[in-house]
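The lines below spell out each chain.
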Amino acid sequence: MRLFLLAFLVHLSLHENAAAQGIGCVMQTAASQRQILRCRDGLTIEAEAGAGFNLVDQNRDGQPDAVNLQSRAIFIDAPARSARQGFQILTPQAIAAVRGTQWAVDVSGSWTSVFVVTGRVSVRRVQGNTRSVSLGPGEGVDVEPGTSPLIVRRWPEARAAALLARLGR
């Protein structure tokens, strides 16, 4: 049974790495079991250990246009040249779009949190008729189901540091 489980995990890891390479990225695993994807256009995605996500190539040009994040957290470093494509993070609650920045997105239960380190990020709900908000450095937003307006807040240093620490920052 252990041999079967080990073989399955190796197959899964190779499949994920092949999928990442097929979409223009190379996957590495850090000592803390974080996954790091480095893409041709300079885009870097760092996923917390155990994060549930996949890359999306909507226009089939061999480069990721989005990340579909279902659980845990990721850190995105999207230089301006990759942001021209309208790079997005899609979660069950929110869509975060970038125009050249560094930011983190965390999905936990029925909410999504977005925090910006540098640059600007636009965030809106997936469902509901609410306006998007624009986040700048040090700002974050918590997106829960519903239709109430999204509230941008300057995150306390401890909250930002705790999220970034989970991502090796």
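Residues numbered from 1 in each chain as written. Predicted model: local features only at pLDDT ≥ 70, side-chain atom pairs only at ≥ 80, totals over all residues. Heavy atoms only, no water.

Student: Now, about the overall build of the protein: what can you tell me, with residues and values included?
Tutor: Tallying secondary structure elements over the protein gives three helices and 13 strands in all. Buried positions account for 44% of the 169 residues belonging to the protein. Of the contacts formed within the protein by residues at least 6 apart in sequence, a portion of 37% connects residues at least 24 apart. When the accessible area of the protein is evaluated, it comes to approximately 9,100 Å², of which 53% is carbon and sulfur surface. (Helix = DSSP H or I, 4+ residues; strand = E, 2+ residues; numbered from the N terminus. Buried < 20%, exposed > 50% of the residue type's maximum accessible area, 1.4 Å probe, protein only. Contact = heavy atoms within 4.5 Å. Areas by Shrake-Rupley, 256 points an atom, 1.4 Å probe, with all protein chains shown as cover.)

Student: Any chance you could break down the side chain of Ser 113 for me, citing the residues and the numbers?
Tutor: By the secondary structure assignment, Ser 113 is in strand E9 (residues 111–118). Classification of Ser 113 as buried rests on a relative accessible area of 1%. If sequence neighbours within four positions are ignored, Ser 113 has contacts with Ala 104, Val 105, Asp 106, Val 141, Asp 142, Trp 155 and Arg 159.

Student: A description of the pairing of strand E8 (residues 101–108) should follow, citing residues and the corresponding values.
Tutor: Counting buried positions along E8 gives six out of eight residues, so the element sits mostly inside the fold. Here seven bridges tie strand E5 (residues 66–78) to E8, and the two strands are oriented antiparallel to one another. Looking across to E8, one finds that Arg 72 is bridged to Val 107. Note: E8 against E9, seven bridges, orientation antiparallel. Directly across from Ala 104, in E9, lies its bridge partner Phe 115. (Pairing = 2+ DSSP bridges.)

Student: Can you tell me about the pattern of salt bridges, naming the residues and giving the values?
Tutor: Summed over all chains, the structure comprises six salt bridges. Residue Glu 46 is joined to Arg 34 by a salt bridge in which the shortest nitrogen-to-oxygen separation is 2.7 Å. Highlighted residues: Glu 46 in strand E3 (residues 44–47) and Arg 34 in the loop between strand E1 (25–29) and strand E2 (35–39), separated in sequence by twelve residues. No difference in accessibility class separates Glu 46 from Arg 34, as the two residues are buried. Across the salt bridge formed by Arg 166 and Glu 48, the nearest N and O atoms sit 2.7 Å from each other. In this pair, Arg 166 sits in helix H3 (residues 157–166) while Glu 48 sits in the loop between E3 and strand E4 (52–56), placing the two residues 118 residues apart along the sequence. Judged by its relative accessible area of 34%, Arg 166 falls in the partly exposed class. If you follow the salt bridges from partner to partner, you end up with Glu 48, Arg 72, Asp 106 and Arg 166 in one network. (Salt bridge = Lys/Arg side-chain N within 4 Å of Asp/Glu carboxyl O.)

Read these as spatial facts, not as claims about activity.
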